[in-house]
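# Observations on the three-dimensional arrangement
Spelled out, the chains give:
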Amino acid sequence: MSNRILIIDDNKFLRFTLSALLEDSGFNPLTAADPEKAIREINSKHPDLIILDKKLSGSDGFDLLPILKKMNKDVPVILLTAYADPQTEEKALKLGADAFVSKPFDNDEFIGVIRRNRELLALPCRQSCGVRGNRKTCGGKQCYGHLGKLRRIQ
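Note that this is a predicted model, so its numbers are computed, not measured.

### A few points about the overall build of the chain
The helix and strand tally for the chain stands at five helices and ten strands. Expressed as a percentage of its 154 residues, the buried residues of the chain come to 47%. Restricting to contacts in the chain with at least 6 residues of sequence separation, those with at least 24 account for 62%. Accessible surface, the chain as shown: approximately 7900 Å² in total, 49% of it carbon and sulfur.

### What to know about the packing of helix H3 (residues 61-71) against helix H4 (residues 86-95)
Packing of H3 against H4 leaves a shortest axis separation of 9 Å and a crossing angle of 25°. On the basis of the axis angle, H3 is roughly parallel to H4. As H3 packs across H4, the resulting crossing turns out to be right-handed. Here Phe62, Leu65, Pro66 and Lys69 of H3 lie close against H4, whose contacting residues are Thr88, Lys91, Ala92 and Leu95.

### Quick look at the environment of aspartate 48
Following the sequence through the fold, aspartate 48 ends up in the loop between helix H2 (35-45) and strand E3 (49-53). Distance in space between the C-alpha atoms of aspartate 48 and arginine 4 is 5.4 Å, their sequence separation being 44 residues. Among the polar contacts made by the side chain of aspartate 48, one reaches the main-chain amide nitrogen of asparagine 3 at a distance of 2.7 Å.

### A look at the pattern of salt bridges
Under the counting rule described, the total for this entry stands at five salt bridges. Ionic pairing is found between lysine 94 and glutamate 90, a salt bridge with its closest N-O pair at 3.2 Å. With lysine 94 and glutamate 90 both in helix H4 and four residues apart, this pair spans about one turn of that helix. Judged by relative accessible area, glutamate 90 falls into the partly exposed class, the value being 44%.

Criteria and cut-off values
What you see as residue numbers is a count from 1 along each chain, following the sequence as written. With pLDDT at 70 or above as the cut-off, local features in this predicted model cover only qualifying residues; side-chain atom pairs require 80 or more to be listed or tallied, and sums for whole chains, interfaces and linings still use all residues. Only hydrogens and water are set aside when side-chain values are computed; all heavy atoms of the structure are taken into account. Under the scheme used here, helices are H or I runs from DSSP no shorter than 4 residues and strands are E runs no shorter than 2 residues, and both carry numbers assigned from the N terminus. Exposure classes here rest on a 1.4 Å probe applied to the protein chains alone. A residue is buried below 20% of its type maximum, exposed above 50%, and partly exposed in between. Residue contacts are counted whenever heavy atoms from the two residues lie within 4.5 Å of one another. Under the convention used here, a 1.4 Å probe and the Shrake-Rupley method define accessible areas, while residue burial counts only the protein chains that appear. Where helices are involved, their axes are fitted lines through C-alpha atoms of the stretch in contact, as for all axes, and angles between N-to-C directions lie from 0 to 180°. These descriptions rest on fixed angle ranges, namely under 35 degrees for roughly parallel, over 145 for roughly antiparallel, 65 to 115 for roughly perpendicular, and the rest for oblique. Here a crossing is called left-handed whenever its near helix is offset anticlockwise from the far helix by less than a right angle, and right-handed whenever the offset is clockwise. Here a polar contact means two N or O atoms within 3.5 Å. Within protein one must be a hydrogen donor candidate and the other an acceptor candidate, and residues neighboring in sequence count only if both atoms are side-chain atoms. The working definition used for a salt bridge is a side-chain nitrogen of Lys or Arg within 4 Å of a carboxyl oxygen of Asp or Glu.

Everything listed here is a matter of geometry and, on its own, says nothing about what the molecule does.
This is how it looks when you write it as structure tokens:
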């Protein structure tokens, strides 16, 4: 894997801060301030993981999440929000989020969530068919990566 992680957030300071954290942790951060740039980045740079803010200027992360999953269902999406509640978490799960992180968050825990979601991409299928990826299916059974789908940290 290339270690490319796309950060989609309209807050310039948060994009900068997350980029620095990811770089310090050995990742290659990409950034997008809006959905249009995010889609361009995904199409041109093919990130291994996406960090998506729930509240975007003029948009909602929940509106973008299904589009991202439709573009590539195998790329994990971590949803960030400052407005955590059980309904938001449930909706994130239904829309395909792989992890749910409340702001502010502990940096080490956040990097742990990223690493776990990336590792799930490499796990083999339960049926030992060799299929890899957190959303791929084989024989009607879902691969390991789909287990424990939503991880919330606060």
